[in-house]
Amino acid sequence: MKALLPITPEVPIEPPLALLAELTHRCPLQCPYCANPLEMERAATELNTATWLRVLDEAAVLGVLQVHFSGGEPTARKDLLELVRHAAACGLYSNLITSGVMLDAASLAVLAGAGLDHVQLSFQDSDAVQADRIGGYRNGHARKLVVARLIREAGLPLTANFVVHRQNLDRLPEMLALGQEIGASRIEIAHVQYYGWALVNRAPLMPSRVQLEQANAAVAQARTDLRGRITIDYVVPDYYAARPKACMGGWARRIINITPAGLALPCHAAETLPGFHFPSVRTTSLGAIWRDDPGFARFRGTAWMPEPCRSCDQREVDWGGCRCQAFAMTGNAAATDPACAMSPDHFMMADAVAASDAVAAADGPAPDLVYRRIRTAALVR
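Sequence positions are assigned chain by chain, starting from 1 and proceeding in written order. Restriction of local features to residues with pLDDT of at least 70 applies here, the model being predicted, together with a cutoff of 80 or more for giving and counting side-chain atom pairs; totals for whole chains, interfaces and linings are based on all residues. As a rule here, side-chain values come from all non-hydrogen atoms in the structure, and water together with hydrogens is ignored.

Trainee: Got a minute to help me understand the layout of surface pockets in this structure?
Mentor: In this approach the atoms are scanned with a rolling probe the size of a water molecule, which exposes any empty space left behind. Counted as a void, the largest pocket has a volume near 1,600 Å³. Lining of the largest pocket is provided by 49 residues; of these, Ile97, Gln120, Asn161, Glu188 and His268 occupy positions nearest its centre. Helix numbers and strand numbers start at the N terminus; a helix is a DSSP run of H or I with at least 4 residues, a strand a run of E with at least 2. Secondary structure elements with two or more residues in the lining of the largest pocket: strand S1 (18–22), strand S2 (66–70), strand S3 (93–98), strand S4 (118–123), strand S5 (158–164), strand S6 (186–191) and strand S7 (231–235). For this scheme, ten residues count as nonpolar: Ala, Val, Leu, Ile, Met, Phe, Trp, Tyr, Cys and Pro. Four count as charged, namely Asp, Glu, Lys and Arg, and the remainder, Gly too, count as polar. Its residues assigned to classes, the lining of the largest pocket shows 21 nonpolar, 20 polar and eight charged. Each pocket or cavity is described by its volume, and for the second largest pocket that value is around 300 Å³. Contributing to the lining of the second largest pocket are 14 residues, with Leu38, Gly196, Ala269, Glu271 and Thr272 lying nearest its centre. For the lining of the second largest pocket, the secondary structure elements donating two or more residues are helix H7 (196–200) and helix H13 (323–330). Here a cavity denotes grid points, spaced 1 Å and computed from the protein atoms alone, that fit a 1.4 Å probe unable to get out, and a pocket denotes an open set having protein on both sides within 12 Å along at least 5 of 7 lines; residues with an atom within 4 Å of a point are the lining. Grid points are joined across faces, edges and corners, and a volume is the space filled by probe spheres set on the points.

Trainee: Please clarify how the pattern of salt bridges should be interpreted in this entry.
Mentor: Between side chains of opposite charge, a pair can form as their charged atoms come close. A pairing counts as a salt bridge when a side-chain nitrogen of Lys or Arg comes within 4 Å of a carboxyl oxygen of Asp or Glu. Following the criterion strictly, the structure yields nine salt bridges and no others. With its nearest N and O atoms 3.2 Å apart, the salt bridge here joins Glu46 to Arg77. Of this pair, Glu46 sits in the loop between S1 and helix H1 (49–62) while Arg77 sits in the loop between S2 and helix H2 (80–89), and the two are 31 residues apart along the sequence. As a salt-bridge pair, Asp125 and Arg171 come within 2.6 Å of each other at their nearest N and O atoms. Note that Asp125 is positioned in the loop between S4 and helix H4 (128–135) and Arg171 in the loop between S5 and helix H6 (172–181), a separation of 46 residues in sequence. Think of it in three bands: residues with accessible area under 20% of the maximum for their type are buried, residues over 50% are exposed, and the middle band is partly exposed, with areas taken using a 1.4 Å probe on protein chains only. By relative accessible area, Asp125 is classed as buried at 0%. Among the charged side chains, a network of salt bridges with common partners joins Arg26, Glu46, Arg77 and Asp79.

Trainee: Whenever I open this one, H13 confuses me. Can you help?
Mentor: Given 3.6 residues per helical turn, the α-helix brings residues three or four places apart onto the same face. Residues of H13 that are buried: Arg323, Cys324, Gln325, Ala326 and Met329. Contact partners of the buried residues in H13: helix H8 (202–205) and helix H14 (347–361). Of the residues one or two after H13, Gly331 is the one with positive phi, at around 80°. The criterion used for residue contact is that any of the two residues' heavy atoms lie within 4.5 Å.

Trainee: When you look at the nonpolar core in this model, what are you seeing that I'm missing?
Mentor: Most often, soluble globular proteins have nonpolar side chains that are buried together. Ranked by size, the top nonpolar core spans 102 residues in total, and within it Leu19, Phe69, Leu172, Ile256 and Ile258 carry the most contacts. Of all the elements, H1 adds the most residues to this core, at six residues. Here Ile258 is in contact with Leu19, Leu20, Ala21, Glu22, Leu47, Trp52, Leu263, Ala264, Val281 and Leu286, once residues within four sequence places are set aside. Each nonpolar core is a collection of buried residues, namely Ala, Val, Leu, Ile, Met, Phe, Trp, Tyr and Cys, held together in the definition by side-chain atoms within 4.5 Å.

Trainee: Quick question: what am I supposed to make of the pairing of S1 here?
Mentor: Consecutive side chains along a regular strand alternate between the two faces of the sheet. Here S1 lies mainly inside the structure; five of its five residues are buried. Of the two faces of S1, the one holding Ala18, Leu20 and Glu22 and the one holding Leu19 and Ala21 are both buried throughout. Pairing between strands is defined by DSSP: at least two bridges between them are needed. Two elements, S1 and S2, share five bridges in a ladder whose sense is parallel. Following the sheet pairing, Ala21 is matched in S2 by Phe69.

Trainee: Help me out: how do you make sense of the sheet that holds S7 in this one?
Mentor: The pairing of strands in a sheet comes from backbone hydrogen bonds and takes either a parallel or an antiparallel form. Pairing within the open sheet is mixed, and its nine strands lie in the order S7-S6-S5-S4-S3-S2-S1-S8-S9. Of all strands in the sheet, those bounded by a partner on one side alone are S7 and strand S9 (264–265). Pairing geometry for S4 and S5, over five bridges, is parallel. Residue pairing across strands places Val119 opposite Leu158, the latter belonging to S5. Of the strands in this sheet, S4, S5, S6 and S7 touch H6, which is tilted by about 165° from S5. For helices, the axis comes from a line fit to the C-alpha atoms of the stretch in contact; other axes are also lines fit to C-alpha atoms, and the angle between any two N-to-C directions lies between 0 and 180 degrees. Helix H9 (residues 209–225) rests against S6 and S7 of the sheet, and its axis sits at about 160° to S7.

As structure tokens, then:
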């Protein structure tokens, strides 16, 4: 059991379970639901290798158990192999979250030899044409199928991650079948979460209620059929919820996120919140950030909660839901998450769904997707 860090007057602070290391915002894909911020970091602003190695050391000392190498596309970093090797030396379980299109047999072999523990490979669809359209990368789907085989041949466990939305959700059964075909030990079906680029594209991406009900049934059936063989994780969209999810396991409770430029965040979207000045690992140790930073402490625990959260018997289950979603929809990061049926702003969720349904039902072409491109960001902010 991990030792507790010094106790604050309000709540004991446990070490984070995981470090999400966003190594870069560079990526050959252009997915219109990307969780990266609209203002993406250029290569020149990224942390150097020495700083990332120090961060991994500090993570191990802090009590972190897992490191997730992410991006953008983490394989765009030339020092990924060195970082993986160092994580293994620190005793950290390492997971590579990747589009896969920059990997080959040789690179996977050396990563496995360096101590990489797991690969999470993203798919945009089961249909190659639609997958390449969503990802904005020609022949990307075919490349991913090759890489899935190479991952297994390298002896690495594979999670197939399918991001689902209105434009591909009808093919969910085919996605589940594809996950089985490529030998995944875990399949993640993740509905788009509406932050960053996905919020810009909410109208064409929001699924209908009928689609969601069919998806829920398909996942339930697959879990029954595949029990004991493949684990299926299912991340549902908040917009149809009656209760909020415990976003990231609760604010600054389970995960610490480091951006390519070195900002430490309690969740990957926290940069969207105004009035917060999150610290940098360039100048502050990971342990000091986790224990002492006011931004990390702001929504940790339950004392910050307004009613009806404060007196709710679920307050230590959902931890108040998502602060970034509360801000995006209400303009107040401390408001009750509108995903909760008890929130006075819950109607905003229904309104967003109705607006998306109206767009889908209207005559004429569907609205164009705004693709994740650095040059596009200034046009949508």
